[in-house]
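Listed below, chain by chain, are the residues.
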Amino acid sequence: PLSTTGINRSTMMAADLAAARKGRSFVWRRQSDRKPILKGPVMSRSDFAFEADREAAEHDREAAEHILFTDGGRLGTHKRSETVRTAYNRAFENAVEVGIGFQVIRIHAIDEAAEQFSIDFDMHMRWSDPSVVDVKEPDWEKAWNPMIIFRNEVDLREISRRIYVSDPSRGVVFAYMKFNAQFYENLELMKFPFDRQILHIDVSSFRPMRELRFVSFDERPNKIFAMPISQWNVLMTHGPDGVATGDKAETIIPKDADLMESADGSKYPRASFEIRVQRDCKFYLWNMVVIAFALVEMSFVVYSMPPTDLADRMGVNLTLVLTIVAFKFTFAGDMPKKAYLTWMDRYLITAFLALVAQTAQCYVAAVLADRDCPRALKWVEHSFQIGIFVPWTLYHIYLALFSDRMYLPWEEVHRQQKVQAIL
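Numbering of residues begins from 1 in every chain and follows the order in which that chain's sequence is written. In keeping with the model being predicted, local features are shown solely for residues with a pLDDT of at least 70 and side-chain atom pairs are shown and tallied solely at 80 or more, while totals for entire chains, interfaces and linings include all residues. Think of the side-chain values as coming from all heavy atoms in the structure, minus any hydrogens and water.

### A look at helix H5 (residues 310–330)
Piece 1. Counting from the N terminus, the helices are DSSP H or I runs at least four residues long and the strands are E runs at least two residues long. For a helix, the expected span equals 1.5 Å multiplied by the number of residues minus one. The end-to-end C-alpha distance of H5, which contains 21 residues, comes to 30 Å, matching closely the 30 Å that a straight helix rising 1.5 Å per residue would cover.
Piece 2. Buried means the residue's accessible area, taken with a 1.4 Å probe over protein chains only, is under 20% of the maximum for its type, while exposed means over 50%, and partly exposed covers the values in between. Turning to H5, its buried residues number three or more, namely Arg313, Asn317, Leu320, Val321, Ile324 and Phe327. The buried residues of H5 occupy an angular sector of 125° when the element is viewed end-on, so they sit on one face. Residues of H5 that are exposed and angled more than 90 degrees away from the buried face: Ala311, Leu322, Phe329 and Thr330.
Piece 3. Note on contacts: a residue pair is in contact if any heavy atoms of the two residues lie within 4.5 Å. Structurally, H5 contributes buried residues whose contacts are with helix H4 (282–298), helix H6 (343–370) and helix H7 (374–401). This arc is built from the directions going out from the helix axis to the C-beta atoms.

Below you can see the structure in the form of structure tokens.
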């Protein structure tokens, strides 16, 4: 049978005879001593290979196929000759289809400041390799492999690996790998702390598209067994068996047209596994929003003081201004540093400006009181009370009742965080 340990002498002679009949000649060399001329993954995963001129490749393939997949060459049986023949043709002429899938075991943490997340996950792959047909124990160091890389990897540790032939009659190879990793993710935090994120495990290969293509691993659906994370909820729609359904745990495989060419002019395959998470905003609502809301509301006491008592009014306002500034610096380490303003940035700045505006109003009110302008003074006082405290109070009532409406729809989140194919 066809194996990675060699091809028998009679087969080599038969191949030479078949090639001679077509006016061609084959040169047989060990894989370690040659570089493939013909494209195709089969040229890199058998211990012996054909070398021929590119323009005569089709004639050589037909001759080799006739010898390799007939009973005369003793490399097959009538029962499965057509199956092996089909696999050989596909491997010789086309890119190898690698089914890929993931299982998320645990998400340890999401670091907004560093824009990274730590995760334990399993990755399983499946492909067909004609060189391992009927081979019980292939030499995986020499066999063909997908040459997988993780594009957004920061730190990666392989915990375990298992590769075996799941169907020897067809040469179907199954690979199972377990990783502990840290990945980079460009987080969109415009709505922080009401933000949703799509975390990606972005996979590619050193082999170009002409040699390898990723496909969905339908036989093994993606699963998420992730435990709850601090301040985050992992969104899953699971059936009773734990299998993720819907689009919450899907493998995204970009189309060829969406992939950009690399510097060498080749396109490389990509696959991306998406994990959808939503921040639990309660921590920030209770520890930041409630306190900032109370500080601004406390400034309302200045209107119980006479407008001419400028020192006491200014003292109350300036104390509250300094308090909210110190409050913002206290929580600065827990907030992401972005070039744009997040919702929390805008909220605290609004609270700060409200207190500053009220400080300026106290000065204007004192001037109007000294100049004996009661109508103007009354208008200024009422305008600030209505213009600042009424909207401020109403907004927080809405926030308390409908905080779930502050999150962006998942369609918008997906549009903002769409992974661009740069290869």
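### Looking at the pairing of strand E3 (residues 96–111)
Piece 1. Two strands are said to pair when DSSP picks up at least two bridges between them. Note: E3 against strand E9 (residues 212–216), 5 bridges, orientation parallel. By the bridge assignment, Val96 is partnered in E9 with Leu212.
Piece 2. Summarising the sheet, E3 and strand E4 (residues 116–128) pair through 11 bridges and their orientation is antiparallel. Across the sheet, the residue bridging to Val104 is Phe121, located in E4.

### Brief notes about the pairing of strand E13 (residues 270–279)
Piece 1. In terms of burial, E13 is largely enclosed, as 10 of its 10 residues are buried.
Piece 2. Examined bridge by bridge, strand E11 (residues 232–234) and E13 share 3 bridges and lie antiparallel to one another. Counted as the bridge partner of Trp232 is Arg279 from E13.
Piece 3. Sheet topology places strand E12 (residues 251–252) next to E13; 2 bridges connect them, and they run antiparallel. Each bridged residue has a counterpart across the sheet, and for Ile252 the counterpart in E13 is Ser272.

### Quick notes on the packing of aromatic side chains
Geometry of an aromatic ring pair is reported as the spacing of the ring centres plus the angle between the planes.
Piece 1. For this analysis, a ring pair means two rings from Phe, Tyr or Trp (six-membered ring only for Trp) whose centres lie within 6.5 Å, classed as stacked if their planes differ by under 30 degrees, edge-to-face if by over 60, and tilted for the remaining angles. Evaluated as defined, the whole model comprises 21 aromatic pairs.
Piece 2. Geometrically, the ring pair formed by Phe121 and Phe179 is stacked, given 5.3 Å between the ring centres and 25° between the ring planes. With Phe121 in strand E4 and Phe179 in strand E7 (residues 172–184), the pair connects residues that are 58 residues apart, well separated along the chain.
Piece 3. Residue Phe179 is classed as buried on the basis of its relative accessible area of 4%.
Piece 4. When the ring of Tyr164 is compared with that of Phe174, the centres are 5.4 Å apart and the planes differ by 50°; the resulting orientation is tilted. Of the two residues, Tyr164 sits in strand E6 (residues 153–167) while Phe174 sits in strand E7, which places them 10 residues apart along the sequence.
Piece 5. The exposure class assigned to Tyr164 is partly exposed, which follows from its relative accessible area of 25%.
Piece 6. By way of ring pairs, the aromatic residues Phe102, Phe117, Phe121, Phe150, Phe179, Phe183 and Phe273 are connected into one cluster.

### A word on unusual backbone geometry
Piece 1. In this chain, Phe192 is followed by Pro193 through a cis amide linkage whose omega measures 10°.
Piece 2. Here Pro193 lies in the loop between E7 and strand E8 (196–205).
Piece 3. A positive phi angle, close to 55°, is found at Met147, a residue other than glycine.
Piece 4. Counting through the fold element by element, Met147 comes out in the loop between E4 and strand E5 (148–150).
Piece 5. The backbone phi angle of Asp372 is positive, close to 60°, even though this residue is not glycine.
Piece 6. Here Asp372 lies in the loop between H6 and H7.

### Comments concerning a nonpolar patch on the surface
Piece 1. A cluster of nonpolar side chains, Leu341, Ile349, Phe352, Leu353 and Val356, forms an exposed patch at the surface whose accessible area comes to about 390 Å².
Piece 2. For Ile349, the location among the structural elements is in helix H6. Put simply, a patch holds well-exposed residues, over 30% relative accessible area, that have no salt bridge, with like charges counted together within 9 Å and Val, Leu, Ile, Met, Phe, Trp or Tyr side chains within 5 Å. Residue-level accessible areas treat just the shown protein chains as cover; the underlying method is Shrake-Rupley with a 1.4 Å probe. What makes a salt bridge here is a side-chain nitrogen of Lys or Arg within 4 Å of a carboxyl oxygen of Asp or Glu, nothing more.

### What about the environment of Gly99?
Piece 1. Relative to the assigned elements, Gly99 resides in strand E3.
Piece 2. According to the relative accessible area criterion, Gly99 is buried, its value standing at 0%.
Piece 3. Distance from Gly99 to Phe214, taken between C-alpha atoms, is 5.9 Å for residues 115 residues apart in sequence.
Piece 4. Excluding its chain neighbours within four sequence positions, the residues that come into contact with Gly99 are His124, Met125, Arg126, Val215, Ser216 and Phe217.

### Looking at the nonpolar core
Piece 1. Put simply, buried Ala, Val, Leu, Ile, Met, Phe, Trp, Tyr and Cys residues joined by side-chain atoms within 4.5 Å make one nonpolar core. Counting 71 residues, the largest nonpolar core has Phe121, Ile275 and Met344 as the members making the most contacts within it.
Piece 2. Take this core: its biggest share by element is 8 residues, from H6.
Piece 3. Sequence-distant contacts of Met344, defined by excluding residues within four places in its chain, comprise Phe192, Pro193, Tyr284, Met288, Val289 and Met335.

### Side note on H7
Piece 1. Compared with an ideal rise of 1.5 Å per residue, which puts 28 residues at 40 Å, H7 spans 40 Å between its outermost C-alpha atoms and is within 8% of the ideal.
Piece 2. Buried residues of H7: Leu377, Val380, Glu381, Ile388, Phe389, Trp392, His396 and Leu399, and no others.
Piece 3. If you follow the buried residues of H7, they end up packed against H4, H5 and H6.

### Details of the pattern of salt bridges
Should the charged atoms of two oppositely charged side chains come close, the side chains can pair.
Piece 1. Counted under the stated rule, the structure contains 13 salt bridges.
Piece 2. Between Lys282 and Asp280 there is a salt bridge, with its nearest N and O atoms 3.6 Å apart.
Piece 3. Connected through salt bridges with shared partners, the residues Glu112, Asp195 and Arg279 form a single ionic network.

### Looking at the packing of H6 against H7
Piece 1. Axis lines are fitted to C-alpha atoms, over the contacting stretch for helices. Their N-to-C directions set the angle, which ranges from 0 to 180 degrees. At a minimum axis separation of 9 Å, H6 and H7 run at an interaxial angle of 165°. Here H7 runs roughly antiparallel to H6, going by the angle between their axes. Note on packing geometry: the crossing formed by H6 with H7 is left-handed. Here H6 contributes Trp343, Tyr347, Thr350, Ala351, Ala354, Ala357, Gln358, Gln361, Val364, Ala365, Leu368 and Ala369 to the contact with H7, which in turn contributes Ala376, Leu377, Val380, Glu381, Phe384, Ile388, Phe389, Trp392, Tyr395, His396 and Leu399. For this classification, under 35 degrees means roughly parallel, over 145 means roughly antiparallel, 65 to 115 means roughly perpendicular, and everything else is oblique. Take the far helix as the reference: if the near one is turned anticlockwise from it by less than a right angle, the crossing is left-handed, and if turned clockwise, right-handed.

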